[in-house]
2 protein chains.
Amino acid sequence: MRDEQLITLAHGAGGKASSALIQSVFVSAFGPHQDKSLQDAAVIDVQQHFGAGSRIAMTTDSYVVSPLFFPGGDIGTLAVCGTVNDLAVCGARPLCLSAAFILEEGLPIRELQRVVASMADTARRANVSIVTGDTKVVAKGQVDKVFITTTGLGVVPPGVQVRSDQAEAGDAVLVNGPIGDHGAAIMLARGDLGLSADVRSDCAALNPMIGDILSAVPACRVMRDATRGGVGAVLSEIAQASNVAIALDENALPVRLETQGICELLGLDPLFFANEGLVVVLVPQAQAEAVLSVMKNHPEGQSARQIGQVVEQGQPLLYINTSFGTKRMIELPYGIQLPRIC
Amino acid sequence: MRDEQLITLAHGAGGKASSALIQSVFVSAFGPHQDKSLQDAAVIDVQQHFGAGSRIAMTTDSYVVSPLFFPGGDIGTLAVCGTVNDLAVCGARPLCLSAAFILEEGLPIRELQRVVASMADTARRANVSIVTGDTKVVAKGQVDKVFITTTGLGVVPPGVQVRSDQAEAGDAVLVNGPIGDHGAAIMLARGDLGLSADVRSDCAALNPMIGDILSAVPACRVMRDATRGGVGAVLSEIAQASNVAIALDENALPVRLETQGICELLGLDPLFFANEGLVVVLVPQAQAEAVLSVMKNHPEGQSARQIGQVVEQGQPLLYINTSFGTKRMIELPYGIQLPRIC
């Protein structure tokens, strides 16, 4: 990355430009923990303080979604779900959250109260406490309404090891529901398209479902929540981290008709649309059915299914077996389809 | 707080308006942990996970200081020091930090690298790791350059209890250095005043000094870092939380000549100027000398001194015994002297 470069929207989009920024600016200064392509939360060994096997997971995300309110949720539900899910996919039981608010002068307090009520309600349902916080106010025009940063803390039970670099040939690739709904809902909610369709964000706290999956099938190798960058970005990162080829089955990809319609109209790929209640699980094929049946016991897992398989080791690749019988390579885009999605 | 109200700069200023917002919007929704007037970090009991006496401290702050770079530090040093200090004053040993960046499209990457290098350097000197992070980019005009939210995690050793509601009559009120320098440095750095003077922010990580104080004098009752709102706001909160009267000695207040000059010119009170490397310690009078001598062993404690005493219990009061022999009551201001100080 050249020094004279300027930050662009692509740097925040979860594609190649984001990875390049993270590697060249953050990982080089702070160390390898910063690389979210390996895991959604840092797992910190605290055995010197609390005894053998004690591990804590920590994750942080800023939420800058626009608009603040959208079908299926708002910035508050997002700020709790996103952070709780990042802990859960690392095998951690969420313990507590912090919430830092940056508010624009002139924001109606009623809107803030609505956001805060969503956060409290979502936290209650995810069984996690918001234990500390911060509030800053900046002058009108120096921030867009409300930005929220939540940080989550979780406890990783002894023996649990879920990491992006553990995929192996023969693993099944599973998802718990339709892909791309969050991205499509935000795109519609902005109103720029002049379209209307009944698409709601899939925003949901997945820790109860993920906890059940890990109890039933401790052999799960990889779990990632497919937020910014979508299922495509997450699988591409897993392929890189584990040095494997992943083949998806086009016919098996669950995409709602409305989301598919928006994608076709705009020439975009739902594989790279953001989700906020979608987990990608890689597990030995023999255990795939067991995971799917646990998913289907939860409201967020009603449409759970296998979408592909890890086919080879030794070269990072991601492709789709299309309905025409051809193979289409999937490349992580440089930037993103839409900024401020989360 | 009435629903039709709008957020004002006063709500983010650390005075009465901030307290009102926190109480009416956040504490009511998330529970009492949110109230930073009681402690700078939440202390979380984790003994069900890690055994008897296990406690973790967690704190978060967003940094929105303008300008990004100022004499004595920058937004990066601030983001590490502020969070490390919030942990330390709760008696916690800082363990690790997360860092979430919200960047404005068009920000020169060189400036980001400068900020990140300051963070890495400050973290190294404070002996704390930055273990996870996040980067969001928003369109030009939707944020002012860079906002950083850091969250800190610390371990509270068994038996350590430092809280704002433990002050008792007879306690000495100590500080480790001159007050108001951070606020004065930011005010000058903005250049709006057309003044120049040699004032540097006191920005420093105090965890080594505070660790030594707690080892030497475990009887310390209250510790607070006097950031936004200054020494005045912190003492006023301690008086409220402990229900005591605190008397300060005007002649004992350490204020640099340059900071005093800026205050007099603007009609402002250095007691309410922000600090970023200043801790207020309340300790039984008999142990005051022991604490001061530990402070003086550290570069940040060279000008350590006693500035007052807790004089009565039963009514929350804060006043100054002036050099004219009169008493001046100190009221927490409604708003603040300056926004975006930290």
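Residues numbered from 1 in each chain as written. Chains lettered and ligands numbered in written order. Predicted model: local features only at pLDDT ≥ 70, side-chain atom pairs only at ≥ 80, totals over all residues. Heavy atoms only, no water.

> Which parts of the structure should I look at to understand the overall build of chain A?
A tally of helices and strands in chain A yields nine helices and 14 strands. The C-alpha atoms of chain A give 19 Å as radius of gyration, which agrees with the globular expectation for 342 residues (20 Å, within 12%). When the backbone C-alpha atoms are referred to their principal axes, chain A occupies close to 55 × 55 × 50 Å. The burial tally for chain A puts 61% of its 342 residues in the buried class. Carbon and sulfur atoms make up 48% of the accessible area of chain A, which amounts to about 12100 Å² in all. Charge-centre separation for chain A: the mean point of 24 positive side chains lies 3 Å from the mean point of 34 negative side chains. (Helix = DSSP H or I, 4+ residues; strand = E, 2+ residues; numbered from the N terminus. Rg over C-alpha atoms; globule rule 2.2 N^0.38 Å. Buried < 20%, exposed > 50% of the residue type's maximum accessible area, 1.4 Å probe, protein only. Areas by Shrake-Rupley, 256 points an atom, 1.4 Å probe, with all protein chains shown as cover. Lys, Arg positive; Asp, Glu negative; His and termini not counted. Charge placed at Lys NZ, Arg CZ, Asp CG, Glu CD.)

> Help me out: how do you make sense of helix α4 (residues 109-126) of chain B in this one?
Every α-helical turn comprises 3.6 residues, leaving residues that sit three or four positions apart pointing alike. Over its 18 residues, α4(B) extends 25 Å from the first C-alpha to the last, a length consistent with the 26 Å expected when each residue adds 1.5 Å. A positive backbone phi angle near 60° is found at B:Asn127, which sits one or two residues after α4(B). (Expected span 1.5 Å × (residues − 1).)

> Where do I start with the UniProt feature "domain: PurM-like C-terminal" (unreviewed entry) in chain A in this structure?
If you check UniProt for "domain: PurM-like C-terminal" (unreviewed entry), the listed places come out as residues 168-315 of chain A in our numbering. Each end of residues 168-315 of chain A is marked by a C-alpha atom, and these two atoms are 12 Å apart; helix forms 34% of the span and strand 20%. (UniProt positions renumbered as here; feature names shortened; annotations may be inferred.)

> So what exactly am I meant to see when it comes to the UniProt feature "domain: PurM-like N-terminal" (unreviewed entry) in chain A here?
Within the UniProt annotation, "domain: PurM-like N-terminal" (unreviewed entry) is assigned to residues 39-156 of chain A. Between the C-alpha atoms that bound residues 39-156 of chain A the distance is 14 Å, and the span itself is 31% helix and 42% strand.

> Would you take a moment to explain the sheet that holds strand β7 (residues 146-156) of chain A for this structure?
Note on sheets: strands pair through backbone hydrogen bonds, and any given pair is parallel or antiparallel. The five strands are arranged β1-β2-β7-β5-β6 (chain A) in an open sheet whose pairing can be described as mixed. A single partner strand is all that each edge strand has here, and the edge strands are β1 (42-45) and β6 (129-138) of chain A. Each neighbouring strand pair of the sheet contributes to a mean axis angle of 20°, computed without reference to strand direction. Bridge count between strand β5 (residues 93-104) of chain A and β6(A): nine bridges; the pairing is parallel. Of the residues in β6(A), the one forming a bridge with A:Ala99 is A:Gly133. Contacting β5 and β6 of chain A, helix α1 (residues 16-30) of chain B crosses the sheet at an angle of about 155° to β6(A). (Pairing = 2+ DSSP bridges. Axes fitted to C-alpha atoms, helices over the stretch in contact; angles between N-to-C directions. Contact = heavy atoms within 4.5 Å.)

> Whenever I open this one, the packing of helix α6 (residues 207-216) of chain B against helix α9 (residues 288-296) of chain B confuses me. Can you help?
Packed helices, taken two at a time, are described by the angle their axes make and the gap between the axes. Residue and element names in this part refer to chain B. Remark: α6 packs on α9, axes separated minimally by 9 Å, with the N-to-C direction vectors making an angle of 150°. Comparing their axes, α9 and α6 come out roughly antiparallel. In the packing of α6 onto α9, the handedness of the crossing is right-handed. Judged by residue contacts, Met209, Asp212, Ile213 and Ala216 of α6 engage Val291, Val294 and Met295 from α9. (Parallel < 35°, antiparallel > 145°, perpendicular 65-115°, else oblique. Left-handed = near helix turned anticlockwise from the far one by under 90°.)

> Looking at this structure, how should I read the packing of helix α1 (residues 16-30) of chain A against α4(B)?
Between α1(A) and α4(B), the least distance of the axes is 8 Å, while the angle of their chain directions is 25°. On the basis of their axis angle, the class for α1(A) and α4(B) is roughly parallel. Judged by the twist between their axes, the crossing of α1(A) over α4(B) is right-handed. The segment α1(A) lies against α4(B), with A:Leu21, A:Val25, A:Phe26, A:Ala29 and A:Phe30 engaging B:Ile109, B:Leu112, B:Gln113, B:Val116, B:Met119, B:Ala120 and B:Arg124. Residue composition of the contact of α1(A) with α4(B), by class: ten nonpolar, one polar and one charged. (Nonpolar A, V, L, I, M, F, W, Y, C, P; charged D, E, K, R; others polar.)

> Sorry if this is basic, but what is going on with the sheet that holds strand β8 (residues 171-175) of chain A here?
Residues and elements named next belong to chain A. Reading across the sheet, the seven strands line up as β9-β11-β8-β12-β10-β13-β14 and stay open at both edges, with mixed pairing between neighbours. Two strands lie at the open edges of the sheet, namely β9 (222-225) and β14 (327-329), each paired on one side alone. Strand-to-strand twist across the sheet, computed as the mean angle between neighbouring axes with direction ignored, equals 25°. In terms of strand pairing, strand β10 (residues 244-249) meets strand β13 (residues 317-321) through five bridges, oriented parallel. Bridge pairing in β13 links Asp249 to Asn321. Packing of helix α7 (residues 230-242) onto the sheet brings it into contact with β8, β9, β10, β11 (279-284), β12 (305-313) and β13, and relative to β10 it is tilted by some 150°.

> Would you mind showing me how to read helix α7 (residues 230-242) of chain B here?
Residue and element names in this part refer to chain B. Compared with an ideal rise of 1.5 Å per residue, which puts 13 residues at 18 Å, α7 spans 18 Å between its outermost C-alpha atoms and is within 8% of the ideal. Most of α7 is tucked away, with eleven of its 13 residues classed as buried. Inspection of α7 places Gly230, Val231, Gly232, Ala233, Val234, Leu235, Ser236, Glu237, Ile238, Ala239 and Ser242 among the buried residues, and these make up the whole buried set. Turning to α7, the residues buried within the fold contact β8 (171-175), β9 (222-225), β10 (244-249), β11 (279-284), β12 (305-313) and β13 (317-321).

> Looking at this structure, I do not really get the interface of chain B and chain A. What am I missing?
Many authors give the size of an interface as the accessible area that is lost as the parts come together. Taken together, the contact between chain B and chain A spans 78 residues of the former and 77 residues of the latter. Together chain B and chain A conceal approximately 7000 Å² of surface at their shared face, both sides included; 69% is due to carbon and sulfur atoms. On the chain B side of the contact with chain A, B:Ile7, B:Phe50 and B:Ile109 bury the most area, a combined 10% of that side's loss. For the pair chain B and chain A, the interface holds four salt bridges. Here chain B is connected to chain A by 22 residue pairs in polar contact (both at pLDDT 80 or more). (Buried area = accessible area lost by both parts, 1.4 Å probe. Salt bridge = Lys/Arg side-chain N within 4 Å of Asp/Glu carboxyl O. Polar contact = N/O pair within 3.5 Å; in protein donor to acceptor, adjacent residues only side chain to side chain.)

> Can you walk me through the nonpolar core in this structure?
A general tendency of soluble globular proteins is for nonpolar side chains to be buried together. Formed by 50 residues in total, the largest nonpolar core has its most connected members in A:Phe101, A:Leu103, A:Leu112, A:Met119 and B:Phe26. Sorting the residues of this core by element identifies α3 (75-88), β5, α4 (109-126), β6, β7, α5 (181-189) and α8 (257-266) of chain A together with α1 of chain B as the ones contributing at least two each. Examining the composition of this core, we find that eight residues originate from one element, α4(A), more than from any other. For A:Met119, the contacting residues outside a window of four places in its chain are A:Gly76, A:Ala79, A:Val80, A:Ala99, A:Phe101, A:Ile130, A:Ile148, A:Thr150 and B:Phe30. Counting residues in hydrophobic clusters, the runner-up holds 49 residues, among them A:Ile7, B:Leu97, B:Ile130 and B:Ile186. (Core = buried A, V, L, I, M, F, W, Y, C linked by side-chain atoms within 4.5 Å.)

> Just checking my understanding: could you explain the relation of the copies chain B and chain A for this structure?
Between the two copies of the chain lies a rotation about an axis combined with a shift along it. For the match of chain B to chain A, the screw axis carries a shift of 0.0 Å, the RMSD comes to 0.0 Å, and the turn is 180°. Look at the turn and shift together and you get a two-fold axis relating the two. Closest to the rotation axis within chain B is the C-alpha of B:Val143, separated from it by 2.1 Å. Here 99% of the interface residues in chain B have copies in chain A that are interface residues too; the copies meet face to matching face. (Least-squares fit on C-alpha atoms with pLDDT ≥ 70 in both.)

> Explanation requested: the pairing of β5(A) in the structure shown.
Side-chain direction in a regular strand flips from residue to residue, so the side chains alternate between the two faces of the sheet. Residue and element names in this part refer to chain A. Within β5, eleven of the twelve residues are buried, which leaves the element mostly enclosed by the surrounding structure. Here ten bridges tie β5 to β7, and the two strands are oriented antiparallel to one another. Bridged to Pro94 within β7 is Gly154. Running through α4, the crossover from β5 to the neighbouring parallel element β6 is right-handed. (Right-handed = clockwise from strand over helix to strand, strands pointing away.)

> For this particular structure, what's the right way to read the domain arrangement of chain A?
Here chain A is partitioned into domain 1 (1-35), domain 2 (38-156) and domain 3 (164-329). Between domain 1 of chain A and domain 3 of chain A, the C-alpha centre-to-centre distance is 25 Å. (Domains from an automatic or database assignment.)

> Sorry, what's going on with the packing of aromatic side chains here?
The description of two aromatic rings rests on the distance between their centres and on the angle between their planes. Taken as a whole, this structure holds five aromatic pairs over all chains when the rule is applied. Between A:Phe50 and B:Phe50, the ring centres sit 5.0 Å apart and the planes meet at 0°, which makes this aromatic pair stacked. Taken together, the residues span two chains, with A:Phe50 in helix α2 (residues 47-50) and B:Phe50 in helix α2 (residues 47-50). The structure contains a cluster of three or more aromatic residues connected by ring pairs, namely A:Phe26, A:Phe30 and B:Phe101. Over the face of the ring belonging to A:Phe69 we find A:Arg114, whose NZ or CZ atom lies 3.7 Å from the ring centre. (Phe/Tyr/Trp six-rings, centres within 6.5 Å; stacked < 30°, edge-to-face > 60°. Lys NZ or Arg CZ within 6 Å of the ring centre and 35° of its normal.)

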